[in-house]
Amino acid sequence: MDVWTHLVNGFATAGTPANLMWAFVGCALGTATGVLPGIGPATAVAMLLPITAKVDATASMIFFAGIYYGAMYGGSTTSILLNTPSNSSSMVTAMEGNKMAKSGRAGAALATSAIGSFIAGTFATVVVTLFAPMLANYAVQLGPPEYFMLMLLAFTTVSAVLGQSTLRGLLALFIGLAIGLIGMDQITGQARYTAGVPELLDGINIVLVAVGLFAVAEAMHVVLFEGRQIRHEHKLTRVTMSRADWRRSIPAWMRGTAIGAPFGCIPAGGTEIPTFLSYAVEKNLAKGSNREEFGTVGAIEGVAGPEAANNATVTTAMIPLLTLGIPVSNTTAVMLGAFQNYGIQPGPQLFTNSAALVWALIASLYIGNVMLLVLNLPLVGLWVKLLKIPRPRLYAGILIFATVGAYGMRQSMFDLFLLYGIGVLGLVMRRFSIPSAPVVVAMILGPLAEAQLRNAMSIGEGSAMVFLQRPVSVIMIFVVIGVLILPRILKKRGVVL
């Protein structure tokens, strides 16, 4: 009962005109930063930190939270319409959503994305409200062996389900792991694979790689191989979802939410693992003609599930941030800095020392989800009109946004050369049907997996048996083996997955 009393008080605080205004502005800005390729929520929050220095702490946190989950909504827009994810969590949406747009179903893809995000975000907010301390305490019990096996599961799943073959998926995975090794070693502090270039000491920025592989490579492919051909593949047949779309989306929303919500509670979890796992689940559960739509004309489940998983993860990521002071993404790391600017240290005592702020922030999650649904659904038709822009202007605009976004991160010309070099790599990969998404996932999780492997081996005093001494780690080992072997066994026996 105490929880509900705190939540009611939180709604009273978040529902003041000033705080509602900050929530609305944050949601609108978040959607805009999500729509613009190369500009993510972390960049937006970091740029706006000085502006809110004189604003009340509660209003400021509500504002930043609005940008945070608003960007997750907006990130699906360019992924679906332009095959240009504005952040790594939207990569899976681009795979099926853009194919739906090209086959005239952009409206349905955008609608299922918005509604699924609302459902998943609302459910995840309930989880944050009721189970934050309990789930955070459970997540803390996971050690390096479990984290490493979790990331190995992500690598295996990504390689197995993306692209035309597992071999190509593994090749893309190893490219990403190689890129992730560039920079300073996390433990020894030694420079690795930098070729004496100072700009590479900090590694290669993930946003740079994502924008290069997707946005720049897409624009290059259109210019070099599609030329001036006019295709009507982007025509819009309807803006709403049909009855069949609803029937296929609802289970996918539920499954995506169930997959994504627990991952946000895990420190260092991120949104990449649950979105790819959700995609793998939807692809494997699809039957008949629905399965044939994956990778061809676009399957709506491939948009609905990952988008729900994405937003559920993003929302429950507030649990480790608020109760442990552990950020699980770039954006929550910047938000942690915003808390500290106000002299507030997130952690176990936050719900006691700053109860009014915390519960107002949680209440604003409910309010923000409604605001975003109201903002996004009416704008579906407007976003689809992006497809009517002449292709030369459209892709020129994408390159401009990508270039400005890349240069704006460090004001470095080296980053621009790197951006277009990665774009060329993405173009080559596309011509040889090598999937791009595993590169980004491996680059994000590779350094984390390396650190967790080293820590696990230290715990086991150099023995790999440490992975067999932890129940959760053993379960994940069997899951990884199952992902690699089971589909092939069933395929040989004539069972269609």
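Residues numbered from 1 in each chain as written. Predicted model: local features only at pLDDT ≥ 70, side-chain atom pairs only at ≥ 80, totals over all residues. Heavy atoms only, no water.

Trainee: Describe the overall build of the protein chain, listing the residues and the values that go with them.
Mentor: Along the protein chain, the regular secondary structure elements total 21 helices and two strands. For the protein chain, restricting intrachain contacts to residue pairs at least 6 apart in sequence, the fraction spanning at least 24 positions comes to 78%. In the form shown here, the protein chain has an accessible surface area of approximately 20,800 Å², with 68% of it arising from carbon and sulfur atoms. (Helix = DSSP H or I, 4+ residues; strand = E, 2+ residues; numbered from the N terminus. Contact = heavy atoms within 4.5 Å. Areas by Shrake-Rupley, 256 points an atom, 1.4 Å probe, with all protein chains shown as cover.)

Trainee: A description of the nonpolar core should follow, citing residues and the corresponding values.
Mentor: Burial of nonpolar side chains together is a common tendency in soluble globular proteins. The biggest cluster of nonpolar side chains holds 76 residues, and the ones touching the most others in it are Ile204 and Leu213. For this core, the element with the most residues is helix α9 (residues 206-226), which contributes 11 residues. Aside from chain neighbours lying at most four places away, what touches Ile204 is Ile179, Ile182, Val209, Leu418, Ile422 and Met443. (Core = buried A, V, L, I, M, F, W, Y, C linked by side-chain atoms within 4.5 Å. Buried < 20%, exposed > 50% of the residue type's maximum accessible area, 1.4 Å probe, protein only.)

Trainee: Could you give an account of the pattern of salt bridges, naming the residues involved and the relevant values?
Mentor: Using the criterion set out here, one finds eight salt bridges in the structure. Glu282 is the partner of Arg255 in a salt bridge, and the nearest nitrogen-oxygen pair spans 2.8 Å. In this pair, Arg255 is assigned in helix α10 (residues 243-264) and Glu282 in helix α11 (residues 272-285), connecting sequence segments 27 residues apart. Among the residues examined, Glu282 registers a relative accessible area of 2% and is labelled buried. Salt-bridge contacts for Arg454 lead to Glu450; the nearest nitrogen and oxygen are separated by 3.3 Å. Here Arg454 pairs with Glu450, and both are found in helix α20 (residues 437-459), just four residues apart, close to one helical turn. (Salt bridge = Lys/Arg side-chain N within 4 Å of Asp/Glu carboxyl O.)

Trainee: Which residues make up empty space enclosed by the protein, and what are the values?
Mentor: Considering all chains together, one arrives at two cavities of 30 Å³ or more under this definition. Looking at the second largest cavity, its volume works out to about 40 Å³. The wall of the second largest cavity is formed by Asp185, Gln186, Ile187, Pro447, Glu450, Ala451 and Arg454. A breakdown of the residues in the lining of the second largest cavity according to their chemical character gives three nonpolar, one polar and three charged. (1 Å grid on protein atoms, 1.4 Å probe; cavity = no way out; pocket = protein on both sides within 12 Å on 5 of 7 lines; lining within 4 Å. Points joined across faces, edges and corners; volume = space filled by probe spheres on them. Nonpolar A, V, L, I, M, F, W, Y, C, P; charged D, E, K, R; others polar.)

Trainee: For the environment of Ile344, give the residues involved together with the corresponding values.
Mentor: Within the fold, Ile344 resides in the loop between α15 (330-341) and α16 (350-353). Overall, Ile344 belongs to the buried group, its relative accessible area being 14%. Through-space distance from the C-alpha of Ile344 to that of Ala57 is 9.2 Å; in sequence the pair is 287 residues apart. Setting aside chain neighbours within four positions, we find Ile344 in contact with Ala57, Phe339, Leu350, Ser354 and Leu357.

Trainee: Summarise α20; cite the residues concerned and give the values.
Mentor: Between its terminal C-alpha atoms α20 stretches 32 Å, which fits the 33 Å expected from 23 residues at 1.5 Å a residue. Of all the bends in α20, the greatest reaches close to 40° and is centred on Leu445; the proline Pro447 follows between one and four positions later. Glu461, located one to two residues past α20, shows a positive phi value of around 55°. (Expected span 1.5 Å × (residues − 1). Bend = angle between axes of the 7 residues up to and from the residue.)

Trainee: Which residues make up the side chain of Glu307, and what values do they have?
Mentor: Mapped onto the elements of the fold, Glu307 is located in helix α13 (residues 301-316). Buried charge Glu307 goes without a salt bridge, the closest partner of opposite sign being Lys99 at 15 Å. Ignoring anything within four residues of it in the chain, the contact list for Glu307 reads Met72, Ser76, Thr93, Ser113 and Ser117. (Lys, Arg positive; Asp, Glu negative; His and termini not counted.)

Trainee: Got a sec to walk through the environment of Gly426? Specific residues and values, please.
Mentor: Residue placement: Gly426 occurs in helix α19 (residues 413-431). Sequence-wise, Gly426 and Met220 are 206 residues apart; in three dimensions their C-alpha atoms are separated by 9.3 Å. If we skip the residues at most four places from it in the chain, Gly426 touches Leu213 and Ala217.

Trainee: Quick one: what's the story with unusual backbone geometry, residue by residue and with numbers?
Mentor: If you check the backbone angles, Tyr193 has positive phi at about 55° while not being a glycine. Inspection of the secondary structure puts Tyr193 in the loop between β2 (191-192) and α9. Looking at Tyr193, the relative accessible area reads 61%, which means it is exposed. Its identity is not glycine, yet Ala195 carries a phi of approximately 55°, on the positive side.

Trainee: Lay out the side chain of Asp185 in plain terms, naming residues and giving numbers.
Mentor: Locating Asp185 in the fold gives a position in the loop between β1 (183-184) and β2. By relative accessible area, which is 5% here, Asp185 ends up buried. Among the polar contacts listed, one links the side chain of Asp185 to the side chain of Arg192, at a separation of 3.0 Å. Of note is the side chain of Asp185, whose polar atom sits 2.9 Å from the side chain of Arg454. (Polar contact = N/O pair within 3.5 Å; in protein donor to acceptor, adjacent residues only side chain to side chain.)

Trainee: Describe the confidence of the model for the protein chain, and please don't skip the residues or the numbers.
Mentor: Chain-level pLDDT for the protein chain is 79 on average; 82% of the residues reach the 70-or-more range. Within the model, the stretch residues 229-237 combines pLDDT values under 50 with 18 contacts to residues more than four positions away or in other chains. (pLDDT = per-residue confidence, 0-100.)

Trainee: For the packing of aromatic side chains, give the residues involved together with the corresponding values.
Mentor: If you walk through the whole model with that rule in mind, you get six aromatic pairs. Centroid distance Phe63 to Phe64: 5.5 Å. Interplanar angle 45°. Geometry classified as tilted. With relative accessibility at 0%, the residue Phe64 sits in the buried group. Aromatic ring contacts, followed pair by pair, group Trp22, Phe63 and Phe64 into a single cluster. (Phe/Tyr/Trp six-rings, centres within 6.5 Å; stacked < 30°, edge-to-face > 60°.)

Trainee: Let's hear about the packing of α10 against α13: which residues, and what values?
Mentor: One way to put it is that α10 packs onto α13 with a least axis distance of 7 Å and a crossing angle of 30°. It follows from the interaxial angle that α10 and α13 lie roughly parallel. In the crossing of α10 with α13, the sense of the turn from one axis to the other is right-handed. Counted together, Arg248, Ser249, Ala252, Trp253, Gly256, Thr257, Gly260, Ala261, Phe263 and Gly264 of α10 and Glu301, Ala304, Gly305, Ala308, Ala309, Ala312, Thr313 and Thr316 of α13 form the full contact between these two elements. Of the residues belonging to the contact of α10 with α13, the class tally is eight nonpolar, eight polar and two charged. (Axes fitted to C-alpha atoms, helices over the stretch in contact; angles between N-to-C directions. Parallel < 35°, antiparallel > 145°, perpendicular 65-115°, else oblique. Left-handed = near helix turned anticlockwise from the far one by under 90°.)

Trainee: Quick one: what's the story with the packing of α11 against α20, residue by residue and with numbers?
Mentor: If you want to describe how two helices pack, look at the angle between their axes and the distance between the axes. Where α11 meets α20, the axes come as close as 11 Å, and the angle between the chain directions of the two elements is 145°. Of the two elements, α11 crosses α20, and the hand of that crossing is left-handed. Contacts between α11 and α20 involve Glu272, Ile273 and Phe276 from the first element and Ala437, Val441, Ile444 and Leu445 from the second. Each residue belonging to the contact of α11 with α20 can be placed in one class, and the counts come to six nonpolar, no polar and one charged.

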